[in-house]
Structures are given as C-alpha cells and as structure tokens.
Amino acid sequence: MTDLDPVIHAQARLRVVASLSALGDGDRVTFPRLQDLLGMTAGNLSVHLRKLEDAGYVEVSKTHRGRTPTTLIRLSRRGRLAFEEYTEAIRTLLDPTPSKEQQ
C-alpha cells in the first residue's frame, strides 16, 4: 500500500496545495486572494503555509506593489511533484488494480 504524504494529507494543507496546483507553473497568488479562496483565517493559513514552505512545497515571497507590502505564494516544482504523487496514491487506494490472484 502506498503511503500518503503527511504534509499534504492534512485537510487544510491539501486544500492549499490543490488550489495552488490549479495555477500555471510559476504563477503566483497573493496571500489575501488565497485566504479568500479557501475561507481560512490569516493565522490558520500562515501556519499551514509555513509547514508547506518548510517541506519545500511552496515558495512565499514578499514584495511591494507601490507602497503596499504584498505576499505572493506559488507551488514549487517539488510541491507540484509531491501533489502529483499524492493524487496518484489516492487514485491507487480508490481503484487498485486487481492482482493476478484476484483475476
């Protein structure tokens, strides 16, 4: 049986990674936009982003738009690969290929 990535498997982090995976490779979303999409508090989202960032799954960059500080988030290549492996593991759990003994 395939193990599920515990970093992604937590419900809130799964929602974050799934949302970020919908972006194009290299595209970023602002923190407030991601917060609105997910309906999470700023503190809750920050905690889960930190865990994903520590695992190398997301990249968080801080910049300015004019004089306004802006936090941008994107899924890293490592995060995209981890999410693809996670979704494949889920598919395998839901629809396992029958073994030769079961056929």
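Residues numbered from 1 in each chain as written. Predicted model: local features only at pLDDT ≥ 70, side-chain atom pairs only at ≥ 80, totals over all residues. Heavy atoms only, no water.

## What to know about the pairing of strand E3 (residues 68–75)
Piece 1. Looking at chain direction, strand E1 (residues 29–30) and E3 are connected through two bridges and run antiparallel. When the bridges of E3 are listed, Val29 appears paired with Ile73.
Piece 2. With eight bridges joining them, strand E2 (residues 58–65) and E3 adopt antiparallel strand pairing. Note on E3: the bridge partner recorded for Val60 is Ile73.
Piece 3. The turn joining E2 and E3, which pair antiparallel and follow one another in sequence, is formed by two residues; a positive phi near 70° is taken by Gly66. (Pairing = 2+ DSSP bridges. Helix = DSSP H or I, 4+ residues; strand = E, 2+ residues; numbered from the N terminus.)

## Observations regarding the environment of Ser61
Piece 1. Structurally, Ser61 is set in strand E2.
Piece 2. By relative accessible area, which is 27% here, Ser61 ends up partly exposed.
Piece 3. The spatial distance from the C-alpha of Ser61 to the C-alpha of Arg74 is 8.8 Å, given a sequence separation of 13 residues.
Piece 4. Leave out the neighbours within four places in its chain, and Ser61 touches Arg28, Thr70, Thr71 and Leu72. (Buried < 20%, exposed > 50% of the residue type's maximum accessible area, 1.4 Å probe, protein only. Contact = heavy atoms within 4.5 Å.)

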